[in-house]
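A closer look at the structure
Read off the chains here:
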Amino acid sequence: NLGQCPKRGMSRMLSFQGARREDVASMTSSTRSLSSSSLDGSGSLDGQSLPVGLCTPKRRLVRQPSSSRNLSPVASPHYRRQASTPSNRSRSNSRGRDTIDPFSHDQLHVLHRAASNSSSRSGSSSSMPFDSLSQAENRLKSVTKSIGRRIPKTPSRILDAPELVDDYYLNLVSWSESNVLAVALGQCVYLWEAETGNIKHLLTLHEDTDFVTSVSWVREKGNSHYIAIGTNHNMVQLWDSEAERRLRTLDGHSARVGAMSWNQHWLSSGGRDSLIVQHDVRSRNHVVSTYVGHTQEVCGLKWNDEGTTLASGGNENLLCLWDASMSQRRRNNGQRPFDSSSLGPRLALTQHKAAVKALAWCPFHRGLLASGGGTADRTIKFWNTNSGAVLNSIDTGSQVCSILWSKHQRELCSSHGFSENQLILWKYPTMTKIQEFKGHTARVLHMDQSPDGGCVVSAAADETLRFWDVFGSPPSEQKKVDLS
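So, here's what we can say about the structure.

What counts, and where the lines are drawn
- Residues numbered from 1 in each chain as written.
- Predicted model: local features only at pLDDT ≥ 70, side-chain atom pairs only at ≥ 80, totals over all residues.
- Heavy atoms only, no water.
- Buried < 20%, exposed > 50% of the residue type's maximum accessible area, 1.4 Å probe, protein only.
- Helix = DSSP H or I, 4+ residues; strand = E, 2+ residues; numbered from the N terminus.
- Pairing = 2+ DSSP bridges.
- Axes fitted to C-alpha atoms, helices over the stretch in contact; angles between N-to-C directions.
- 1 Å grid on protein atoms, 1.4 Å probe; cavity = no way out; pocket = protein on both sides within 12 Å on 5 of 7 lines; lining within 4 Å.
- Points joined across faces, edges and corners; volume = space filled by probe spheres on them.
- Nonpolar A, V, L, I, M, F, W, Y, C, P; charged D, E, K, R; others polar.
- Contact = heavy atoms within 4.5 Å.
- Polar contact = N/O pair within 3.5 Å; in protein donor to acceptor, adjacent residues only side chain to side chain.
- Phe/Tyr/Trp six-rings, centres within 6.5 Å; stacked < 30°, edge-to-face > 60°.
- Salt bridge = Lys/Arg side-chain N within 4 Å of Asp/Glu carboxyl O.

Description of the pairing of strand S16 (residues 298-303)
For a regular strand, the rule is simple: side chains alternate between the two faces of the sheet. In terms of residue burial, S16 counts as a mostly covered element, since 5 of its 6 residues are buried. Pairing geometry for S16 and strand S17 (residues 309-314), over 5 bridges, is antiparallel. What sits directly across from Gly300, in S17, is Gly313. Remark: 5 residues form the turn of the hairpin made by S16 and S17, two consecutive strands paired antiparallel; Gly307 in that turn has positive phi of roughly 75 degrees.

Written as structure tokens, this is what we have:
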């Protein structure tokens, strides 16, 4: 009953739930931009905490007509900057060979630059000029062809997400193992059932200054209907989505809880108070330990698949690694757990130059972690978490908001902020761009993927959710399709 749904969230989401790929062109004719200042993890905001008053979810968007953009990599602004003209060549030669090229990872630009250098060395008397643009296009086509599947450039579905809080430090989307997507919109949490398309309202926070700051489903099969809800009022609520009731409330923080990650029955929560609290949700005295290592807000948390190492990212540009053995409860004749305020990280990595929110553990290489930095950093770094060594660092050219690894391909997808607000699919380990996905008109703050690993949902500050067929069907499903 839409009349019973709080505010306008349910009706607006339902109005878009049937949108398919063929409807995207008409939907994107009107776009939105923020009329208020955004809480960006960028520039001066990346390195300092913001007052709670700035984080209220009551924001409104002003609709503006959008201009069409050419999605071809050859016509992108980054490539046009590198256009090969005699004047540009002379300027680039005068800069020296030690100049760092932020687009050196771009396959098109690398080929184009190599062609320019080759033609300049051969001189104007060369009888067979090297067509660098054609070679670059052919190489990009061959990369796409080698993937062995068709990757749609447009979203398969769009859902409206009114009052999605535009805050880089929050985590407002989570997709469960039972194929239910949870989305936090202001003071409410909605559940979208992917199989049926039904939308259900789970909860509403009633205090005016309170709103949802993070959501996270239990990853353990059999318990995937339980969800943790972090709030602006320092609390974590545990809910049973099937019974639609709150089970308990967990304390332990003195500021909002913006990041959470499950490890079986253990819940790790990170807050603006710079603390990471380990909860045992089975126990009455749920606070097992507290990790102290960050000095500003914790905005990224992720346990590895084995449950042995926790990665955390903070607004002070730190990436910390913690061992699960540090969370063991130590009892003294049944008394309260030991004082763990002195526990520090196993490794504190300082190579990022902005807030570290995007964290993703590699599913096919144990101990490999990918992390992304804010606007002042713009890089995706790959880490050997055993030694803390940086294996590779790629300058993406814009703020990195989220990273996802493919579950069945050696690929990863990243979401970005200004200026393109796009998703990028990368081939690992060469880090060649396979494809860019454009359509959002504001920074893409959150991503998650379906249980089968084929579909990726992106949530952006333009108050929309878009579903992309990024990684394709699992190999088992592809075989079934071929047989049929």
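A few points about the sheet that holds strand S7 (residues 199-204)
Taken in spatial order, the 4 strands line up as S4-S5-S6-S7 in an open sheet, and their pairing is antiparallel. The open sheet has two free edges, formed respectively by strand S4 (173-175) and S7, since each of these has just one partner strand. Strand-to-strand twist in this sheet, taken as the mean axis angle between neighbours without regard to direction, amounts to 20 degrees. Here strand S5 (residues 180-185) pairs with strand S6 (residues 188-193) via 6 bridges, running antiparallel. In the strand pairing of S6, Leu185 is matched with Cys188.

With respect to the layout of surface pockets
Leftover empty space is mapped by rolling, across the atoms, a probe with the size of a water molecule. As a volume, the largest pocket reaches approximately 1,200 Å³. Around the largest pocket, the lining comprises 46 residues; the ones closest to its centre are Arg219, Lys302, Trp303, Asp305 and Asp448. The set of elements that each furnish at least two residues to the lining of the largest pocket consists of S4, strand S8 (212-217), strand S12 (257-263), S16, strand S20 (356-361), strand S24 (400-405) and strand S28 (444-449). Per-class residue counts for the lining of the largest pocket are 22 nonpolar, 15 polar and 9 charged.

Comments concerning the pairing of S28
Across the 6 residues that make up S28, a large majority, 6, are buried. Pairing of S28 with strand S29 (residues 456-460) involves 5 bridges; the strand directions are antiparallel. Bridged to Met447 within S29 is Ser458. Remark: 6 residues form the turn of the hairpin made by S28 and S29, two consecutive strands paired antiparallel; Gly453 in that turn has positive phi of roughly 80 degrees.

Description of the environment of Asp448
Position of Asp448 relative to the elements: it lies in strand S28. In this structure Asp448 comes out as buried when scored by relative accessible area, which is 11%. As a C-alpha pair, Asp448 and Ile403 span 45 residues in sequence and 8.7 Å in three-dimensional space. When residues no more than four places from it in sequence are discounted, the contact partners of Asp448 are Val173, Ser174, Trp175, Arg219, Leu404, Cys455, Val456 and Val457. Here the side chain of Asp448 touches Trp175 through a polar contact of 2.9 Å, landing on its backbone nitrogen.

Focus: the packing of aromatic side chains
The tally for this structure, following the rule as stated, stands at 10 aromatic pairs. With 5.2 Å between their ring centres and 45 degrees between their planes, Phe382 and Tyr428 make a pair best called tilted. Linking Phe382 in strand S22 (residues 379-384) with Tyr428 in the loop between strand S26 (423-427) and strand S27 (432-437), this pair joins segments that are 46 residues apart in sequence. With respect to burial, Phe382 and Tyr428 carry one shared label: buried. Between Phe437 and Trp468, the ring centres sit 5.7 Å apart and the planes meet at 65 degrees, which makes this aromatic pair edge-to-face. With Phe437 in strand S27 and Trp468 in strand S30 (residues 464-468), the pair connects residues that are 31 residues apart, well separated along the chain. Take Phe437: its relative accessible area is 0%, and that puts it in the buried class. Grouping aromatic residues by their ring pairs yields a cluster made of Phe364, Phe382, Trp405 and Tyr428.

With respect to the environment of Ile424
Relative to the helices and strands, Ile424 resides in strand S26. Counting along the chain gives 11 residues from Ile424 to Cys413, while the straight-line C-alpha distance between them is 5.5 Å. With near-sequence residues (within four places) excluded, Ile424 lies in contact with Leu412, Cys413, Ser414, His416, Lys433, Gln435 and Glu436.

As for the sheet that holds S22
As a general point, the strands of a sheet are linked pairwise by backbone hydrogen bonds and lie either parallel or antiparallel. The 4 strands are arranged S20-S21-S22-S23 in an open sheet whose pairing can be described as antiparallel. Bordering the open sheet on either side are S20 and strand S23 (389-395), each of which pairs with just one other strand. Neighbour-to-neighbour, the strand axes of this sheet turn through a mean angle of 20 degrees, independent of strand direction.

Focus on the side chain of Ser371
Within the secondary structure, Ser371 sits in strand S21 (residues 368-373). Given the relative accessible area of 0%, Ser371 is considered buried. Among the polar contacts made by the side chain of Ser371, one reaches the side chain of Trp383 at a distance of 2.7 Å. Setting aside residues up to four positions removed in sequence, Ser371 forms contacts with Leu319, His352, Val356, Ala358, Leu359, Thr379, Ile380, Lys381, Trp383 and Ile403.

Looking at the pattern of salt bridges
Scanning all chains against the criterion turns up 13 salt bridges. Residue Asp166 is joined to Arg443 by a salt bridge in which the shortest nitrogen-to-oxygen separation is 2.9 Å. Residue Asp166 is found in the loop between strand S3 (157-160) and S4, and its partner Arg443 is found in the loop between S27 and S28; the two are separated by 277 residues along the sequence. The same class applies to Asp166 as to Arg443, namely buried. Between Glu436 and Lys433 there is a salt bridge; the shortest N-O distance is 3.3 Å. We classify Glu436 as partly exposed; its relative accessible area is 25%.

Describing unusual backbone geometry
The linkage connecting Phe418 with the following residue, Ser419, adopts the cis geometry, with an omega of 15 degrees. Positionally, Ser419 belongs in the loop between strand S25 (411-416) and S26. In this structure, the amide linkage connecting Tyr428 to the following residue, Pro429, adopts the cis form with an omega of 10 degrees. In this fold, Pro429 is placed in the loop between S26 and S27. The backbone of Glu244 shows a phi angle near 55 degrees, a positive value even though the residue is not glycine. Within the secondary structure, Glu244 is located in the loop between strand S10 (236-240) and strand S11 (245-250).

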